[in-house]
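# Structural characterization, general
Chain residues, written in single-letter form:
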Amino acid sequence: MLLIHVQKVTPRVSYTFKQICKRILGFNVDLTSKIEPFIAHDGPKFSYGKQPLGKELYFQSVDLLFEQGLNDVDIQVSDWEETKCFFQVKHENTALPFDIFAATFYLLTRYEEYLPHVKDSLGRFPANESVAYTNDFLQDPVVDKWAYKFMNVLLDKYPNLEFEKRKFSVRPIVSVSQTFAYKNKGLLRSIGGGFKDLWKLKLEELTDRFKVFIGLQKDPYDTFDFIINLQKDKKRKTKVLFGVGDYSNYEKNVGHNHPKHRTLIKHIADYIDVGLKVSYEAICDLSILNKEKQRIEAILNRRLKYSLCSFFKIKLPEAYRHFIELEIEEDYSMGYSAFSGFRAGTCTPFMFYDLDYEVQTPLKVYSFCFSGDGRKFEVDSEEAARNEILMYIKKIKEVEGTFIPVFSNTLFSDLEDQTFWKSTFEFIWNTTYE
């Protein structure tokens, strides 16, 4: 057990040290604001605050973890060895030149997304507004890197300190906005789609549409047997998240009540964890979200645990509060659509911290770093896709984190101009990563 002295044990302090010490580095800590038990403790210990208590191992703090609410935060990013950091500290006895704990809290809570910013056309926080993008460290899991630097400092002082080593893992996610391209969409939508293909002279697609309609050909978006077979072979912990929202300008999926749609979802759930792709309209509307939750639960005949927001739109903190109220346990929306990288600066799952209420919540957030849908207009070859994926895998393996790529089932279809995404997904599954 490692004892940490802080000037005050705040919810922010508890949250941050638990994430770094327990979830990333794998050891337990105890926090105290009392000097006497700290001085009497003869095991591993350090202090975190404005000034050291004596000659103990000491890490200087900035104010962030001892504040409440939102304040103007001055972010000055500097190079630090092979990475970058902010919240520089200058006490001559501090063990690190930055307050990595405050910086970690800032990134994990998405503090900057609560502050005034210009939203994109879908109402999302844009990547190019983030401190990570503007200071060129979006592609680094900096929180995990900082944690390992912190660990090395502890081991220099306490070489017998034991850490529970974690293992690198891969957790692919498949988002389903359209379960079928042509099938089960009803007569009017099918006829309308056929006339649209004819008007645009897409004769090959018109032929495929007709073959699917009369049952001579499998629907091109029904790529789920491919995903299930990969799951059987490699047993990676993938998840498939289905959209069951009402038809709208943003949601085009088959109706949730269609028997064949329901049967397919149930079939997939026999092999793979299934969750909800939250519709655009439901992200900030609790009543709509609850309706979609009840729909997917009725299909699965089990409680909903997993979510992903359409277009990766997360309106903080409302969207996550709604998930918590409906007892959704895990969310996979924490990333950017058009940019790869670590939106929260980490490749380790973390609990959502509500900055308005100053409380750690039970919602676990999984931050993805690569989206096939988001990158398909930026990556023009299978080699480029694999190189980018391998770059992230290398960085994540260095800190034994979790690599989470997000793909759409439609990317594995022959309708896509870029046919290499299917083999790219196979590459992720089949690579041993030794």
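Just so we're clear, the structure is a prediction, and the values are computed from it rather than from any experiment.

Bringing the layout of surface pockets into the picture now. Computed from the structure, the second largest pocket encloses a volume of approximately 410 Å³. In terms of lining residues, the second largest pocket is bounded by 18 residues, among which Arg23, Arg166, Thr348, Pro349 and Thr402 are the most central. Breaking the lining of the second largest pocket down by element, the ones donating at least two residues are α1 (11–24) and β14 (359–367). No other element matches α1, which puts 3 residues into the lining of the second largest pocket. Residue classes in the lining of the second largest pocket are distributed as 5 nonpolar, 5 polar and 8 charged.

Another point: the packing of α1 against helix α6 (residues 142–157). Interaxial distance between α1 and α6 falls to 11 Å at its minimum, and their mutual angle equals 80 degrees. Here α1 lies roughly perpendicular to α6, going by the angle between them. Along the contact surface, α1 presents Ile20, Cys21 and Ile24, while α6 presents Val143, Asp144, Ala147, Tyr148 and Phe150. Within the contact of α1 with α6, the residues separate by chemical class into 7 nonpolar, no polar and 1 charged.

It is worth spelling out α1 at this point. Taking 1.5 Å as the rise per residue, α1 with 14 residues should run 20 Å; its terminal C-alpha atoms sit 19 Å apart, in good agreement. Remark: glycine 26 follows α1 within two positions and exhibits a positive phi of approximately 80 degrees.

With that settled, consider the packing of aromatic side chains. Scanning the model with the defined rule gives 41 aromatic pairs in all. With a centroid separation of 4.6 Å and 45 degrees between ring planes, the pair formed by phenylalanine 312 and phenylalanine 368 is classed as tilted. Here the residue phenylalanine 312 occupies a position in the loop between β11 (306–309) and α12 (318–325), and phenylalanine 368 occupies one in the loop between β14 and β15 (370–371), the gap between them amounting to 56 residues. For phenylalanine 312, a relative accessible area of 9% puts it in the buried group. The buried category is assigned to phenylalanine 368, whose relative accessible area is 1%. Note on phenylalanine 407 and phenylalanine 412: the rings are 6.0 Å apart at their centroids and 35 degrees apart in plane angle, and the pair reads as tilted. What links up through ring pairs into an aromatic cluster is the set Phe226, Phe370, Phe407, Phe412, Phe420, Trp421, Phe425 and Trp429. The positively charged end of lysine 149 is found above the aromatic ring belonging to tryptophan 80, 5.0 Å away from the centroid.

At a closest axis distance of 10 Å, the pairing of helix α14 (residues 382–398) and helix α15 (residues 421–430) adopts a crossing angle of 30 degrees. When the interaxial angle is binned, α14 and α15 end up roughly parallel. As for how α14 packs across α15, the hand of that crossing is right-handed. Side by side, α14 and α15 meet where Glu382, Ala385, Arg386, Ile389 and Leu390 of the first sit next to Trp421, Ser423, Thr424, Phe427 and Ile428 of the second. Looking at the contact of α14 with α15, its residues break down into 6 nonpolar, 2 polar and 2 charged.

Moving on: the pattern of salt bridges. Scanning the entire structure with this criterion turns up 23 salt bridges. Here arginine 110 ties to glutamate 112 by a salt bridge, and the two come within 2.7 Å at their closest N and O atoms. Of the two residues, arginine 110 and glutamate 112, neither departs from the other in class, the shared state being buried. Aspartate 246 is the partner of lysine 291 in a salt bridge, and the nearest nitrogen-oxygen pair spans 3.1 Å. Linking lysine 291 in helix α11 (residues 286–300) with aspartate 246 in the loop between β9 (239–242) and α10 (259–269), this pair joins segments that are 45 residues apart in sequence. Exposure remark for lysine 291: the relative accessible area of 35% places this residue in the partly exposed category. A relative accessible area of 40% means that aspartate 246 is categorised as partly exposed. The structure contains a network of salt bridges with shared partners spanning Arg110, Glu112, Glu113 and Arg343.

Quick notes on the rules
Residues numbered from 1 in each chain as written. Predicted model: local features only at pLDDT ≥ 70, side-chain atom pairs only at ≥ 80, totals over all residues. Heavy atoms only, no water. 1 Å grid on protein atoms, 1.4 Å probe; cavity = no way out; pocket = protein on both sides within 12 Å on 5 of 7 lines; lining within 4 Å. Points joined across faces, edges and corners; volume = space filled by probe spheres on them. Helix = DSSP H or I, 4+ residues; strand = E, 2+ residues; numbered from the N terminus. Nonpolar A, V, L, I, M, F, W, Y, C, P; charged D, E, K, R; others polar. Axes fitted to C-alpha atoms, helices over the stretch in contact; angles between N-to-C directions. Parallel < 35°, antiparallel > 145°, perpendicular 65-115°, else oblique. Contact = heavy atoms within 4.5 Å. Expected span 1.5 Å × (residues − 1). Phe/Tyr/Trp six-rings, centres within 6.5 Å; stacked < 30°, edge-to-face > 60°. Buried < 20%, exposed > 50% of the residue type's maximum accessible area, 1.4 Å probe, protein only. Lys NZ or Arg CZ within 6 Å of the ring centre and 35° of its normal. Left-handed = near helix turned anticlockwise from the far one by under 90°. Salt bridge = Lys/Arg side-chain N within 4 Å of Asp/Glu carboxyl O.

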